[in-house]
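# Chains, contacts and geometry: an overview
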Amino acid sequence: MAPGVQDVKEGSAALSTAPLAASDRAEVWHEAVARTFMPMTVRFLEEVPSPGTIVSHQLGPVRISRIEAGPQMVTRGTRMIAAGGPPSLILSLQERGTSLKEQDGRESLIRPGEFSFTDSSRVFRKKIDEGFAFTSFHFPRAELDVSERALRGLTATAFSRDEGSAALLATYLTQMAREAERLDEGVGRRAAATALDLLALLVDDRNGQSRPQESQSAASLERVKDYILRNLRDPDLSPSRIAEANYMSLRFLHKLFQQEGVTLGTWIRTQRLERCSRDLLRPMAEDLGVAGIARRWGFANSSHFSRTFREAYGVSPRDWQVGVRPTD
């Protein structure tokens, strides 16, 4: 393991060059950048390199990394591209500092609050003349269902997070990055799949194309389900709040679940009941009690929870806890 690198958990890693001597930072940082993204040339734009940090998490096929460092320029030339490696797409959400990006004949300034794409299969350059921070999402190109022509027309382009499909994608990615460390493998893979769908929709949107309605609905439904599961414990989780957080109308939200043959309320209640039924069988139930388990998963009224649980499982929560099961 390289100096300054620490495993956070499986699929995650953190690096800081702050503990290193200034003379060692450049080499370690160069290796860390290549390992996190792809082989690139790094040139520092200050006499003594500032400390840099990289914290990464893997969610399915997507690698999420937050980077903070001092002024520098990174380039990827033809020799590095020819050396091989699977093509990938990197989307960067700029948080601090302004980047100058060049690729496919375009040159754009990416300011805080904006994001941009970089394609690893073609020459590019990125220059930042000040201390910076950004969060990047490293997507395998093969996982992204868009044409090469459509993607090539959007590299090194500044996207605002304020409107349309770009706002939808940026909002989702920001939240996904915030929760990455806490997501288990299964939820992480679903979150990554939704991110890829939203990215493909943005590319199509900017190229004047539209995806089949079924694909759009499937991506929206997965995104909504992911949001609900992350907020399942909140007793104030409501349809209007879910719709607002996912940039859709209440009518469209309810329609998504109707297409699955279930109402939104029923789906949420089922998810909460499943988690309550599991927790009632765990040691924690002795300390929390039935009412505490119910509150833990968003049931504000214990009497209502008991009635709902009995309707779903055929026995009371307390009977379920001690091993009584419904008889035919």
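Residues numbered from 1 in each chain as written. Predicted model: local features only at pLDDT ≥ 70, side-chain atom pairs only at ≥ 80, totals over all residues. Heavy atoms only, no water.

### Digging into the overall build of the protein chain
Of regular secondary structure, the protein chain possesses 12 helices and 13 strands. On the principal axes, the C-alpha backbone points of the protein chain span a range of 75 × 50 × 30 Å. Counting the 328 residues in the protein chain, one finds 46% classified as buried. A sequence separation of at least 24 residues applies to 69% of the contacts in the protein chain between residues at least 6 apart. About 16300 Å² of surface is accessible on the protein chain, with carbon and sulfur atoms providing 48% of the total. Side-chain charges of the protein chain comprise 44 positive and 42 negative groups, with the mean position of each set lying 2 Å from the other. (Helix = DSSP H or I, 4+ residues; strand = E, 2+ residues; numbered from the N terminus. Buried < 20%, exposed > 50% of the residue type's maximum accessible area, 1.4 Å probe, protein only. Contact = heavy atoms within 4.5 Å. Areas by Shrake-Rupley, 256 points an atom, 1.4 Å probe, with all protein chains shown as cover. Lys, Arg positive; Asp, Glu negative; His and termini not counted. Charge placed at Lys NZ, Arg CZ, Asp CG, Glu CD.)

### Notes on helix α1 (residues 22-36)
If you check α1, its first and last C-alpha atoms are 21 Å apart, about what 15 residues at 1.5 Å a residue would give, namely 21 Å. Among all positions in α1, only Arg25, Val28, Trp29, Ala32, Val33 and Thr36 are buried. In this structure, the buried side of α1 is in contact with β2 (12-16), β3 (41-44), β4 (53-59), β5 (62-69), β6 (72-76) and β12 (132-140). (Expected span 1.5 Å × (residues − 1).)

### Points about the pairing of strand β10 (residues 114-119)
Burial of β10 is extensive: six of the six residues sit out of reach of the surface. Residues Glu114, Ser116 and Thr118 line one face of β10 and the alternating positions Phe115, Phe117 and Asp119 line the opposite face, and both faces are buried. In terms of strand pairing, strand β7 (residues 88-96) meets β10 through five bridges, oriented antiparallel. Bridge pairing links Leu89 to Asp119 in β10. Inspection of the sheet shows β10 paired to strand β13 (residues 159-160) by two bridges, in the antiparallel sense. Each residue of the ladder has a partner; that of Phe115, found in β13, is Phe159. (Pairing = 2+ DSSP bridges.)

### Section: the sheet that holds strand β11 (residues 124-128)
An order of β3-β6-β11-β8-β9 is seen for the five strands of this open sheet, with the pairing classed as antiparallel. The open sheet is flanked by β3 and β9 (106-110), the only strands paired with a single partner. Pairs of neighbouring strands in the sheet enclose a mean axial angle of 15 degrees, with direction left out of account. Judged from the five bridges that link them, β6 and β11 form a sheet pairing that is antiparallel. Bridge pairing in β11 links Val74 to Lys126. (Axes fitted to C-alpha atoms, helices over the stretch in contact; angles between N-to-C directions.)

### Details of the pattern of salt bridges
Summed over all chains, the structure comprises 18 salt bridges. The shortest N-O distance in the salt bridge between Arg190 and Glu222 comes to 3.2 Å. In this pair, Arg190 is assigned in helix α5 (residues 185-206) and Glu222 in helix α6 (residues 213-230), connecting sequence segments 32 residues apart. (Salt bridge = Lys/Arg side-chain N within 4 Å of Asp/Glu carboxyl O.)

### Description of the nonpolar core
Leu91, Phe115 and Phe117 are the most contacted members of the largest nonpolar core, which totals 34 residues. Broken down by secondary-structure element, the contributors of at least two residues to this core are β5, β7, β10, β12, α3 (148-152), α4 (164-179) and α5. If you tally residues by element for this core, the top one is α5, at nine residues. Of all hydrophobic cores here, the second largest spans 28 residues; its members include Ile242, Leu264, Trp297 and Val315. (Core = buried A, V, L, I, M, F, W, Y, C linked by side-chain atoms within 4.5 Å.)

### Remarks on the packing of aromatic side chains
Tallied over the full model, the rule gives 10 aromatic pairs. Plain terms: the ring middles of Phe299 and Phe305 are 5.0 Å apart, the flat faces sit at 50 degrees to each other, and that makes the pair tilted. One exposure class covers both Phe299 and Phe305, and it is buried. Members of the aromatic cluster, joined through ring pairs, are Phe299, Phe305, Phe309, Tyr313 and Trp320. Sitting over the face of the ring of Phe134, Lys126 holds its NZ or CZ atom 3.6 Å from the ring centroid. Sitting above the plane of the Trp297 ring, Arg233 keeps its charged end 4.2 Å from the centroid. (Phe/Tyr/Trp six-rings, centres within 6.5 Å; stacked < 30°, edge-to-face > 60°. Lys NZ or Arg CZ within 6 Å of the ring centre and 35° of its normal.)

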